[in-house]
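# Fold and geometry: a report
Below are the chains, spelled out letter by letter.
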Amino acid sequence: MNPNAAPLVLLCFAVPEEAAPFRQAQPRHAEILVTGMGADNARRSVLQRLDGPLPLPSLVLTCGFAGGLDPALPRGAVVHDSDPEAGLSATLASVGSVPVRFHCAPRIAITSAEKAELRLNTGADAVEMESNVIRRLC
């Protein structure tokens, strides 16, 4: 890896629709990886990328849509969770992202009752399906 090169950021999305705005923006020094939905697909895709010939990323972000569990969160809120050592939380909050606690579910929570039960049982503010496995791998 070239020590003078800018750090590579790996942006992980479950589905192409989530990645589309980023592909259009063509971010410099970023690589987009569409993993597929669910933990198994995310694990397989990320391991394949990390074990491949390309340089390892300096930062990995899991991005996309999440289901709201906290009724106080407005529809369309931009939310985040960040490892403290990444040092991103303050920057994300400064641009309007709300720090939340995510629950990584094995399937899509569809009904209001399912989401209310997840909120009650996990204390999470939002639900998604891939970030936990990606976080553990990285």
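Refer to the preceding data block for the structure.
Basis of the calculations
Residues numbered from 1 in each chain as written. Predicted model: local features only at pLDDT ≥ 70, side-chain atom pairs only at ≥ 80, totals over all residues. Heavy atoms only, no water. Helix = DSSP H or I, 4+ residues; strand = E, 2+ residues; numbered from the N terminus. Contact = heavy atoms within 4.5 Å. Phe/Tyr/Trp six-rings, centres within 6.5 Å; stacked < 30°, edge-to-face > 60°. Buried < 20%, exposed > 50% of the residue type's maximum accessible area, 1.4 Å probe, protein only. Pairing = 2+ DSSP bridges.

### A few points about the side chain of Thr35
As for its position among the elements, Thr35 is in the loop between strand 2 (30-34) and helix 2 (39-50). Beyond its immediate sequence surroundings of up to four residues, Thr35 is in contact with Cys12, Phe13, Ala14, Asn41, Ala42, Ser45, Val46, Glu130 and Ile134.

### What about the packing of aromatic side chains?
Applying the stated rule across the entire model yields 1 aromatic pair. Between Phe13 and Phe22, the aromatic rings sit 5.1 Å apart at their centres with planes inclined by 45°, giving tilted as the arrangement. Judged by its relative accessible area of 33%, Phe22 is partly exposed.

### Brief notes about the sheet that holds strand 7 (residues 102-104)
Within the open sheet, the 3 strands sit side by side as 4-8-7. Their pairing is mixed. Across the chains shown, the open sheet's two edge strands, defined by having one partner strand only, are strand 4 (67-68) and strand 7.

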